[in-house]
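Residues per chain, in single letters:
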Amino acid sequence: MAKPVNDPPTYAALLALKPDDLALGRWASEAKLARNYFNDLRGHGNPGEETLRKLLAVIGKTMADYDREKARLSGTVMSEVEAISGSPRYVFHGERLPDLEVRGTAMGGEFGDLDSDIELTELHMDEVIDRVARPVALANDPKAYALRIIGESMSPRFKPGERVSVNPKAAVSIGDDVIVQLRGHDGDDGERIKMVLIKELVRFTSTFVELRQHNPATVFRVERKRVAHIHVVRANYF
């Protein structure tokens with residue numbers, strides 16, 4: 001199935017995998033979701049990994065199938081070369097990309113007021129603590145990396161110790177899980193340690209970014225002048 005011109009990448013990839021005889025309402029129902037789920041997804045949705053797995057299980061597909069289809073629709077060139085521990089490995093432009101570096105993280109205190117309960121994370125960009133298999137969706141992004149979640153502020157979406165990937169090239173949309181790099185004294189990119197917020201993107205304007213934290217639940221704003229970069233964060237299946 002061809003990708004509709006204005007459809008979000010996730011919606012387009014799922015529809016490309018959908019069997020022709022499967023109605024969207026029935027697909028959603030069999031995945032234990034609302035029958036109009038795909039209408040919401042097409043408008044502004046960005047499903048979590050658990051929801052994606054439920055949808056894919058109904059049609060006998062895997063997250064690797066989904067990533068391949070999403071990459072195909074975006075024009076990424078990949079070919080499967082081998083499987084290690086059940087996880088496909090890929091090459092890009094004929095050359096295997098290295099595994100993702102897992103950058104160091106630490107508790108960064110509270111954002112804003114001391115009693116705000118909005119959790120900050122320290123991101124140590126020059127500290128590589130491990131390497132993990134590169135997800136297919138990041139095959140053409142040499143700047144992508146992984147990190148380990150610190151704290152419980154995004155639980156149950158992200159649990160402490162869970163590894164997630166950061167995709168600097170991906171377009172950021174409302175509803176995405178994101179990492180927001182805050183500006184520091186040394187500029188955007190010259191700092192060894194960056195203070196970041198790992199939250200859900202709620203709203204984006206010319207003057208502020210609105211974010212959601214899950215635990216404790218709160219929605220808050222960050223002035224745009226304090227934001228250096230916003231990148232998509234994805235739960236992984238390394």
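Thresholds, definitions, all that
- Residues numbered from 1 in each chain as written.
- Predicted model: local features only at pLDDT ≥ 70, side-chain atom pairs only at ≥ 80, totals over all residues.
- Heavy atoms only, no water.
- Helix = DSSP H or I, 4+ residues; strand = E, 2+ residues; numbered from the N terminus.
- Buried < 20%, exposed > 50% of the residue type's maximum accessible area, 1.4 Å probe, protein only.
- Areas by Shrake-Rupley, 256 points an atom, 1.4 Å probe, with all protein chains shown as cover.
- Salt bridge = Lys/Arg side-chain N within 4 Å of Asp/Glu carboxyl O.
- 1 Å grid on protein atoms, 1.4 Å probe; cavity = no way out; pocket = protein on both sides within 12 Å on 5 of 7 lines; lining within 4 Å.
- Points joined across faces, edges and corners; volume = space filled by probe spheres on them.
- Nonpolar A, V, L, I, M, F, W, Y, C, P; charged D, E, K, R; others polar.
- Phe/Tyr/Trp six-rings, centres within 6.5 Å; stacked < 30°, edge-to-face > 60°.
- Contact = heavy atoms within 4.5 Å.
- Polar contact = N/O pair within 3.5 Å; in protein donor to acceptor, adjacent residues only side chain to side chain.
- Pairing = 2+ DSSP bridges.

(A) Region of interest: the overall build of the protein. Helix and strand content of the protein: 5 helices and 11 strands. Out of the 238 residues belonging to the protein, those deemed buried represent 43%. Total accessible area on the protein is roughly 12300 Å²; 48% of this is exposed by carbon and sulfur atoms.

(B) Layout of the pattern of salt bridges. Going through the model one piece at a time under the given rule, you end up with 8 salt bridges. With its nearest N and O atoms 3.1 Å apart, the salt bridge here joins Arg212 to Glu200. Of this pair, Arg212 sits in strand β9 (residues 208–214) while Glu200 sits in strand β8 (residues 193–204); the two residues are 12 residues apart in sequence, bridging distant segments of the chain. Residue Lys225 pairs with Glu223 through a salt bridge whose shortest N-O separation is 3.9 Å. When its relative accessible area of 44% is taken as the criterion, Glu223 is described as partly exposed. Linked by salt bridges that have partners in common, Glu101, Arg103 and Arg131 make up one network.

(C) Region of interest: empty space enclosed by the protein. In this structure the tally under the stated criterion is 3 cavities of 30 Å³ or more. The calculated volume of the second largest cavity comes to roughly 60 Å³. Considering the residues around the second largest cavity, the lining is formed by Glu119, Thr121, Ile149, Ile150, Gly151, Ser153, Met154, Ile198 and Lys199. When the residues that make up the lining of the second largest cavity are grouped by side-chain class, the tally is 4 nonpolar, 3 polar and 2 charged.

(D) Summary view of the packing of aromatic side chains. Using the criterion set out here, one finds 4 aromatic pairs in the structure. The interplanar angle of 65° and the centroid separation of 6.5 Å between the aromatic rings of Tyr11 and Phe38 together place this pair among those described as edge-to-face. Of this pair, Tyr11 sits in helix α1 (residues 9–17) while Phe38 is found in helix α3 (residues 37–44), placing the two residues 27 residues apart along the sequence. What makes Tyr11 buried here is its relative accessible area of 6%. Judged by its relative accessible area of 2%, Phe38 is buried.

(E) Spotlight on unusual backbone geometry. With an omega of 5°, the peptide bond running from Ser155 to Pro156 counts as cis. Inspection of the secondary structure assignment puts Pro156 in the loop between β5 (145–148) and β6 (163–167). One non-glycine residue, Lys32, lies in the positive phi region at around 65°. Residue classification places Lys32 among the exposed residues on the basis of a relative accessible area of 72%.

(F) The environment of Glu122, seen in detail. Relative to the elements of secondary structure, Glu122 occurs in strand β4 (residues 119–132). Separated by 73 residues in sequence, Glu122 and Met195 place their C-alpha atoms 4.9 Å apart. Among residues more than four places away in sequence, those in contact with Glu122 are Gly104, Thr105, Ala106, Met107, Gly108, Ile193, Lys194 and Met195. Side chain to side chain, Glu122 and His124 meet in a polar contact 3.0 Å long.

(G) Summary view of the pairing of β6. With 4 of its 5 residues buried, β6 lies for the most part within the structure. As paired strands, β6 and strand β11 (residues 227–235) are joined by 4 bridges and run antiparallel to one another. Across the sheet, residue Val164 finds its bridge partner in β11, namely Ala235.

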